[in-house]
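# Understanding the architecture of this molecule
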Amino acid sequence: MSRAFVKEDDAGEAPIIPPRAALPAGIPNYVRPQGLEKLRTELEELEAERSAVEANRENEADRTRQLTILNGKLSALNTRIASARVIDPQEQSPDEVRFGATVKLRTVSGGKPGTIRKFTIVGVDEADVMQGLIAFVAPIAQAVNGAKVGEKLHLKLGRNEEEVEVREIRYS
């Protein structure tokens, strides 16, 4: 018998659970205090969403699928929270770039001389390039780690290399 017109039930397929931001194996999960608070808020929101889905008894297959995804997200989030190592930027040395620093760089050569870049080094779950929040595992964050004001560094940006000068280091 042909199965061309038989409805296939896809409930047996495992749902895809979106991964969290990448944190390389063996690397501590550094977070700022506000990053940990953001993770806890996300946890509360996911738990509320799970409660709402559990209360909905209309479509059992869809409900089960949604709960599987939510439970997977909650598991990954709980693991991330449990592994968090809170670093208070206020306790960092103000003389050099470390986790939590807001850094201002000026291009000296290789790109558009005089260009200013400003970003804050944060945990992987807080990172948002559009807001100037760069994960501490990002190449540019690693390149400036330990630098002092006035120090010149060579950055590899794609296929281009630039020489930049650290203009400002601020912790807030």
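A quick note: this is a predicted structure, and the numbers were derived from the prediction, not measured. (Residues numbered from 1 in each chain as written. Predicted model: local features only at pLDDT ≥ 70, side-chain atom pairs only at ≥ 80, totals over all residues. Heavy atoms only, no water.)

## Points about the UniProt feature "domain: Transcription elongation factor GreA/GreB C-terminal" (unreviewed entry) in the protein
As recorded in UniProt, the sites labelled "domain: Transcription elongation factor GreA/GreB C-terminal" (unreviewed entry) are residues 93-171. Helix makes up 8% of residues 93-171 and strand 47%, with an end-to-end C-alpha separation of 9 Å. (UniProt positions renumbered as here; feature names shortened; annotations may be inferred. Helix = DSSP H or I, 4+ residues; strand = E, 2+ residues; numbered from the N terminus.)

## Side note on the packing of helix 1 (residues 33-55) against helix 2 (residues 60-82)
Contact geometry for helix 1 and helix 2: axes closest at 10 Å, N-to-C directions at 160°. Between helix 1 and helix 2, the crossing angle belongs to the class labelled roughly antiparallel. Classified by chirality, the crossing of helix 2 by helix 1 is left-handed. The segment helix 1 lies against helix 2, with Leu36, Leu39, Arg40, Glu42, Leu43, Leu46, Glu47, Glu49, Arg50, Val53 and Glu54 engaging Arg63, Gln66, Leu67, Leu70, Asn71, Lys73, Leu74, Leu77, Asn78, Arg80 and Ile81. Here the contact of helix 1 with helix 2 is built from residues that sort into ten nonpolar, three polar and nine charged. (Axes fitted to C-alpha atoms, helices over the stretch in contact; angles between N-to-C directions. Parallel < 35°, antiparallel > 145°, perpendicular 65-115°, else oblique. Left-handed = near helix turned anticlockwise from the far one by under 90°. Contact = heavy atoms within 4.5 Å. Nonpolar A, V, L, I, M, F, W, Y, C, P; charged D, E, K, R; others polar.)

## Notes on the nonpolar core
Judged by nonpolar contacts, the single largest core of 22 residues is most densely connected at Val97, Val103, Leu105, Phe119, Ile121, Val144 and Val166. Listed by contribution, the elements that provide at least two residues to this core are strand 3 (101-109), strand 4 (116-122), strand 5 (133-135), helix 3 (139-144), strand 6 (152-157) and strand 7 (160-171). Within the second largest apolar cluster, twelve residues are counted, among which are Val31, Leu36, Leu39 and Leu46. (Core = buried A, V, L, I, M, F, W, Y, C linked by side-chain atoms within 4.5 Å. Buried < 20%, exposed > 50% of the residue type's maximum accessible area, 1.4 Å probe, protein only.)

## A closer look at the sheet that holds strand 3
Reading across the sheet, the five strands line up as 5-4-3-7-6 and stay open at both edges, with mixed pairing between neighbours. Because the sheet does not close on itself, it has two edges, and the strands there are strand 5 and strand 6. Geometrically, the sheet is characterised by an average inter-axis angle of 45° between neighbouring strands, direction not taken into account. Where strand 4 and strand 5 come together, three bridges link them in parallel fashion. Its bridge partner being in strand 5, valine 122 is matched across the sheet by alanine 135. (Pairing = 2+ DSSP bridges.)

## Some words on the pairing of strand 3
Note that strand 3 and strand 7 share eight bridges and pair antiparallel. In the strand pairing of strand 7, lysine 104 is matched with glutamate 168. In this structure, strand 3 lies alongside strand 4, joined through five bridges in antiparallel fashion. In the sheet register, leucine 105 faces strand 4, and the bridge partner there is arginine 117. Between strand 3 and strand 4, which pair antiparallel and follow one another directly, the connecting turn spans six residues, one of which, glycine 110, has a positive phi of 100°.

## Let's talk about the UniProt feature "coiled-coil region" (unreviewed entry) in the protein
Here, UniProt's "coiled-coil region" (unreviewed entry) annotation points to residues 36-63. For residues 36-63, helix accounts for 86% and strand for 0%, while the C-alpha atoms at its two ends are 30 Å apart.

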